[in-house]
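A look at the structure
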Amino acid sequence: MCVGLSAKVIKLQDGMALVDAGGAKRQVSARLVSDLEPGDYVMVHAGVAIAKITDEDTAETEAVLDSLL
């Protein structure tokens, strides 16, 4: 099973995105997802943004993770 984390895109530059995942900021590759803008949410796995997701997806993912911890 693979685990992806939702993250908010803060900044985009040269195929990379600065994202905020629960307060932790990190650089991830954004080359697999087109039409990203700051403020969008993405699913991140292994340092790569693998899909653009909605605000509702983000809230659901965070709720599930909170219930597990």
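In this text the structure is predicted, and so the values were computed from the model without any measurement.

Quick word on the side chain of Asp 40
- By secondary structure assignment, the location of Asp 40 is in the loop between strand E3 (24-29) and strand E4 (41-45).
- Taking relative accessible area as the criterion, Asp 40 reaches 16% and is therefore assigned buried.
- A polar contact is formed between the side chain of Asp 40 and the backbone nitrogen of Glu 37, at a distance of 2.8 Å.

Thoughts on a negative patch on the surface
- On the surface, Asp 55, Glu 56, Asp 57 and Glu 60 cluster together into a patch of negative charge.
- The residue Glu 56 is located in helix H1 (residues 55-68) in this model.
- Taking the relative accessible area as the measure of exposure, Glu 56 reaches 58% and is therefore exposed.

Some points on the nonpolar core
- Within the largest apolar cluster, 11 residues are counted, these being Ala 7, Val 9, Ala 17, Val 19, Val 28, Ala 30, Val 33, Leu 36, Val 42, Val 44 and Ala 49.
- Going through the elements one at a time, strand E1 (5-13), strand E2 (16-21) and E4 are the ones with two or more residues in this core.
- Those residues within four positions of Val 42 in sequence are excluded, and the remaining contacts are Leu 5, Ser 6, Ala 7, Val 9, Val 19, Leu 36, Ala 49, Ala 51, Lys 52 and Ile 53.

Concerning the pairing of E4
- By the bridge criterion, 4 bridges tie E1 to E4 in an arrangement that is antiparallel. Looking at E4, one finds that Ala 7 is bridged to Val 42.
- When E4 meets strand E5 (residues 48-53), the two strands line up antiparallel, connected through 5 bridges. Paired with Val 44 across the strands is Ala 49, a residue of E5.
- Two successive antiparallel strands, E4 and E5, enclose a turn made up of 2 residues, where Ala 46 displays a positive phi of approximately 55°.

Some points on the pattern of salt bridges
- Within the structure shown, the criterion is met by 2 salt bridges.
- Between Asp 40 and Lys 52 there is a salt bridge whose closest N-O contact spans 3.4 Å. Of this pair, Asp 40 sits in the loop between E3 and E4 while Lys 52 sits in strand E5, and the two are 12 residues apart along the sequence.

What counts and what doesn't
- Residues numbered from 1 in each chain as written.
- Predicted model: local features only at pLDDT ≥ 70, side-chain atom pairs only at ≥ 80, totals over all residues.
- Heavy atoms only, no water.
- Helix = DSSP H or I, 4+ residues; strand = E, 2+ residues; numbered from the N terminus.
- Buried < 20%, exposed > 50% of the residue type's maximum accessible area, 1.4 Å probe, protein only.
- Polar contact = N/O pair within 3.5 Å; in protein donor to acceptor, adjacent residues only side chain to side chain.
- Patch = residues over 30% accessible without salt bridge, like charges linked within 9 Å, V, L, I, M, F, W, Y side chains within 5 Å.
- Areas by Shrake-Rupley, 256 points an atom, 1.4 Å probe, with all protein chains shown as cover.
- Salt bridge = Lys/Arg side-chain N within 4 Å of Asp/Glu carboxyl O.
- Lys, Arg positive; Asp, Glu negative; His and termini not counted.
- Charge placed at Lys NZ, Arg CZ, Asp CG, Glu CD.
- Core = buried A, V, L, I, M, F, W, Y, C linked by side-chain atoms within 4.5 Å.
- Contact = heavy atoms within 4.5 Å.
- Pairing = 2+ DSSP bridges.

These results come straight from atomic positions and should not be treated as a statement about function.
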